Amino acid sequence: MKEFAYARAGDAAEAAALMAERPDATYLGGGTNLVDLMKLGVTGPGLLVDVSRLPYDRIEHRDDGSVLIGATVRNGDLAGDPGVRERFPLLAQALLAGASGQLRTVATVGGNLLQRTRCVYFQDVSKPCNKREPGSGCPAIGGAHRDLAVLGTSDHCVASHPSDMAVALVALDAVAHLRSVDGTTRTVPVAELYRLPGDTPHRETVLGHGDLVTAVELPPPPGGAAMRYRKVRDRWSYAFALVSVAASVAVADDGTLADVRIALGGVAPRPWRARIAEERMRGGRPDEETLREAARAELEQARPLPDNAFKVDLATDLIVAVIRDLVARKDRA
């Protein structure tokens, strides 16, 4: 392992000052992804700035139904929060599907958002990878790509985003609160936090050096909405998604879909908001033909490779199954 320095920040200003002094510095939250990448030699920061003890460890349920979730809240605490489980169940479901219980007690909300791809070429420093070394190539395109992306890819990268939690947050229209090294703050929708690879796959987010995620904010949930996160994977325990769907559905009195929100995981370099499918479903009746046509329209953008082309049909089927299940649940209620 490369030698590195360590500093524990006492507050956000100190963390920012440490980052501003060192272009080779990076933040350390729970470290469940970062430490693995350091051991593999994928990344080698010269300074770790520990922000895990900054005062961003609260979950604030507001009177208007919105929630402010601090960036250092542990994934396990968020998944077990009674208010989250009651009003944002798909977020709790995504967290419980995302890792082992041991990891959830360590991993933080901010760190979860910024975890990096599990593409085997990215993690193997003996292989070229445009994310690690821009311009070196993407061997996954002609190699082992079964688990990788089919939407939003480019000729330079087909890696998929690994987070389950981020998929749920995108479906819930969550907003990330950010603090820059100069102390200014801004908000960015989680759906816009991540960049598509294009010809610069090494630039994964819109964050600048030293930008700190301080919180994630959820707006009030849609009235009367049913929610679910469903994940398809090779094994039930502790595996990344082949395809996942986070969905929220509200049914009008006349049986049409009044509100539909869908995000996909495992199929793109970022959590994929299925806006085409949403638009085609909204206001229509949730019959099999309508749902399938809408899902297929979303997947028309796909650029599958030979070994992951199955994801197109799998994602289509999963969207239909989840929406149909949510509508049936509302009917039973």
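Residues numbered from 1 in each chain as written. Predicted model: local features only at pLDDT ≥ 70, side-chain atom pairs only at ≥ 80, totals over all residues. Heavy atoms only, no water.

*Asks:* Before we go on, may I ask you to explain the layout of surface pockets in this structure?
*Replies:* Gaps left between atoms show up when a probe the size of a water molecule is rolled over them. Of the voids in this model, the second largest pocket is the one considered here, and its volume is about 430 Å³. Lining the second largest pocket are 26 residues, with Arg118, Asp147, Ser160, Phe240 and Ala241 positioned closest to its centre. Split by residue class, the lining of the second largest pocket holds 11 nonpolar, 9 polar and 6 charged. (1 Å grid on protein atoms, 1.4 Å probe; cavity = no way out; pocket = protein on both sides within 12 Å on 5 of 7 lines; lining within 4 Å. Points joined across faces, edges and corners; volume = space filled by probe spheres on them. Nonpolar A, V, L, I, M, F, W, Y, C, P; charged D, E, K, R; others polar.)

*Asks:* Got a minute to help me understand the nonpolar core in this structure?
*Replies:* A general feature of soluble globular proteins is that nonpolar side chains tend to end up buried together. Core analysis: the biggest nonpolar cluster contains 40 residues, and Ile69, Leu78, Leu91, Leu113, Leu169, Val190 and Leu218 have the highest contact counts within it. Looking at this core element by element, the count peaks at 7 residues for helix H9 (residues 165-171). In contact with valine 190, other than residues within four places in its own chain, are Leu113, Ala166, Leu169, Val170, Ala174, Val175 and Ala176. (Core = buried A, V, L, I, M, F, W, Y, C linked by side-chain atoms within 4.5 Å. Buried < 20%, exposed > 50% of the residue type's maximum accessible area, 1.4 Å probe, protein only. Helix = DSSP H or I, 4+ residues; strand = E, 2+ residues; numbered from the N terminus. Contact = heavy atoms within 4.5 Å.)

*Asks:* Hey, could you run me through helix H1 (residues 12-21) in this one?
*Replies:* Note that an α-helix has 3.6 residues per turn; residues three or four places apart therefore point the same way. Buried within H1 we find Ala12, Ala15, Ala16, Leu18 and Met19. Viewed along the axis of H1, the buried residues span an arc of 160°, placing them on a single side of the element. With respect to the buried face of H1, the exposed residues turned more than 90 degrees away are Ala20 and Glu21. Those residues of H1 hidden inside the fold are in contact with strand E1 (5-8), strand E2 (25-28), strand E3 (47-50) and strand E6 (175-179). (Arc of directions from axis to C-beta.)

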